[in-house]
Amino acid sequence: MSPGRGMMNRRAVLLGIQIGAPVLVLLGWGLWSAGSVNIFYPPLTTILDVFQDTWLFERVGSDVVPSLANMLAGFALSIVIGVPLGILIGLRRTLRTALAPVIEFVRAIPPPALIPFGIVVLGVGTSMKVFIILMVGLFPVLMHTIDGVRGVDPGLLDSARAYRVGRRDRLVRVVLPAAAPQIFAGMRVSLSLSLILMVISEMVASTRGIGYFILESQRTFAIPEMWSGMVLLGILGYLFNLAFGTIERRALRWHHGARKGAS
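Parameters and conventions
Residues numbered from 1 in each chain as written. Predicted model: local features only at pLDDT ≥ 70, side-chain atom pairs only at ≥ 80, totals over all residues. Heavy atoms only, no water. Helix = DSSP H or I, 4+ residues; strand = E, 2+ residues; numbered from the N terminus. Contact = heavy atoms within 4.5 Å. Core = buried A, V, L, I, M, F, W, Y, C linked by side-chain atoms within 4.5 Å. Buried < 20%, exposed > 50% of the residue type's maximum accessible area, 1.4 Å probe, protein only. Salt bridge = Lys/Arg side-chain N within 4 Å of Asp/Glu carboxyl O. Phe/Tyr/Trp six-rings, centres within 6.5 Å; stacked < 30°, edge-to-face > 60°. Expected span 1.5 Å × (residues − 1). Bend = angle between axes of the 7 residues up to and from the residue. Patch = residues over 30% accessible without salt bridge, like charges linked within 9 Å, V, L, I, M, F, W, Y side chains within 5 Å. Areas by Shrake-Rupley, 256 points an atom, 1.4 Å probe, with all protein chains shown as cover. Lys, Arg positive; Asp, Glu negative; His and termini not counted. Axes fitted to C-alpha atoms, helices over the stretch in contact; angles between N-to-C directions. Parallel < 35°, antiparallel > 145°, perpendicular 65-115°, else oblique. Left-handed = near helix turned anticlockwise from the far one by under 90°. Nonpolar A, V, L, I, M, F, W, Y, C, P; charged D, E, K, R; others polar.

Considerations on the overall build of the chain
Then, number 1: A count of helices and strands for the chain gives 11 helices and zero strands.
Then, number 2: If you list the helices and strands of the chain from N to C, you get α-α-α-α-α-α-α-α-α-α-α.
Then, number 3: Considered along the principal axes of its C-alpha atoms, the chain spans approximately 75 × 65 × 30 Å.
Then, number 4: A sequence separation of at least 24 residues applies to 73% of the contacts in the chain between residues at least 6 apart.

Have a look at this one:
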């Protein structure tokens, strides 16, 4: 068998596993919940019917779009702030030493504890939600960027200096490519946390959003609706992770190729 055909067969097997596993979970869930009369565990068919009626596409504009807008805004700001700041701190030992206590202090505060502060300072609107998502999503990007910059091979930097490569070119052509895998790892963690905090921020002093819908459904004992919101979050999380993984593979194609060659 040729290497190309073997690689195609391997990809087909992996794709089959990736598709088959969720299908088996859904089948198991459907069989387990079939005929259930427990109000808290409705049949999967009921949940899917409610999901279709609720999210395709009745509440997309009123709940899904505002939630995703807040999440993506906070996530984007965490990258815009975290990457440059992480590079600067990673390159400057004095700055890293001075800011380490502050970073660790703020990072140790549980995310839900920031919500009252956000409400007092920014009110209960969109700004508060974006702020909460930013504050939680910032630190994975920041810390991974710092570690990535600090982990750059000193020999590469010495060689660049020896060839009199300018600071800007050293940053763009040496530091950033070497730190990119760590930076993307931090972005992936930040993306997951942004989705979580999107929901949490909408459960307090909010009148719209996926998190608000789930909490309000629980309060009014609309349990199938509550489950449908949870299913939607799972689907969104999977799609975001899939999209980010695709972007990461393309951006770090050279890195993955080097790892395969080394193995």
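After that view, the rundown keeps rolling.
A short note on the nonpolar core
Then, number 1: Residues Ile-132, Met-187, Met-198, Ile-210, Leu-232 and Leu-233 are the most contacted members of the largest nonpolar core, which totals 51 residues.
Then, number 2: Leave out the neighbours within four places in its chain, and Met-187 touches Phe-75, Ile-79, Val-83, Val-141 and Phe-244.

Some words on the pattern of salt bridges
Then, number 1: This structure, assessed with the given rule, holds six salt bridges.
Then, number 2: Between Arg-168 and Asp-169 there is a salt bridge, with its nearest N and O atoms 3.9 Å apart.
Then, number 3: Salt-bridge contacts for Arg-188 lead to Glu-248; the nearest nitrogen and oxygen are separated by 2.6 Å. Of this pair, Arg-188 sits in helix α8 (residues 167-201) while Glu-248 sits in helix α10 (residues 223-251); the two residues are 60 residues apart in sequence, bridging distant segments of the chain.
Then, number 4: Under the relative-accessibility criterion, Glu-248 is labelled buried at 13%.

A short note on the packing of aromatic side chains
Then, number 1: Taken as a whole and assessed by the stated rule, the structure comprises five aromatic pairs.
Then, number 2: For the ring pair Trp-32 and Tyr-41, a centre distance of 5.9 Å and an interplane angle of 75° mean the geometry is edge-to-face.
Then, number 3: A residue is classified by how much of its surface remains accessible, and Trp-32, at 60% relative accessible area, is exposed.
Then, number 4: A relative accessible area of 42% places Tyr-41 in the partly exposed class.
Then, number 5: Summarising the aromatic geometry, the rings of Phe-117 and Phe-131 are spaced 6.0 Å apart at their centres and angled 50° between planes, so their arrangement reads as tilted.

A word on helix α6 (residues 126-150)
Then, number 1: Compared with the 36 Å implied by 1.5 Å per residue over 25 residues, the 36 Å span of α6 between its first and last C-alpha is a close match.
Then, number 2: Taking the largest bend as the criterion, α6 deviates by roughly 30°, centred on Leu-138, and proline Pro-140 comes between one and four positions later.
Then, number 3: The element α6 is extensively covered by neighbouring structure, given that 20 of its 25 residues are classed as buried.

Let's talk about unusual backbone geometry
Then, number 1: Between Leu-56 and Phe-57 the backbone carries a cis peptide bond, its omega angle lying at 5°.
Then, number 2: Of note, Phe-57 is situated in the loop between α2 (44-55) and α3 (60-91).
Then, number 3: Non-glycine residue Phe-221 carries a positive phi angle of around 60°.
Then, number 4: By the element assignment, Phe-221 lies in the loop between α9 (210-219) and α10.
Then, number 5: Phe-221 sits in the exposed class, given a relative accessible area of 53%.

A word on a nonpolar patch on the surface
Then, number 1: Side chains of Leu-15, Ile-19, Val-23, Leu-24 and Leu-27 sit close together on the surface and give an oily, nonpolar patch of about 490 Å² of accessible area.
Then, number 2: Residue placement: Leu-15 occurs in helix α1 (residues 3-33).

Topic: α9
Then, number 1: Of the positions making up α9, those classed as buried are Ile-210, Gly-211, Phe-213, Ile-214, Leu-215 and Ser-217.
Then, number 2: Elements that come into contact with the buried residues of α9 comprise α2, α3, α8 and α10.
Then, number 3: Just beyond α9, the residue with positive phi is Phe-221, at close to 60°.

Section: the side chain of Lys-129
Then, number 1: Examined against the element boundaries, Lys-129 turns out to sit in helix α6.
Then, number 2: No salt bridge is formed by the buried Lys-129, whose closest oppositely charged neighbour, Glu-202, lies at an N-O distance of 6.6 Å.
Then, number 3: Apart from the residues lying within four places of it in its own chain, the contact partners of Lys-129 are Asn-70, Val-124, Ser-201, Glu-202, Ala-205 and Ser-206.

Things to note about the packing of α6 against α8
Then, number 1: Running from N to C, α6 and α8 point in directions that differ by 155°, and their axes come no closer than 7 Å. When the axes of α6 and α8 are compared, the pair comes out roughly antiparallel. In the crossing of α6 with α8, the sense of the turn from one axis to the other is right-handed.
Then, number 2: Split into classes, the residues belonging to the contact of α6 with α8 amount to 16 nonpolar, nine polar and two charged.

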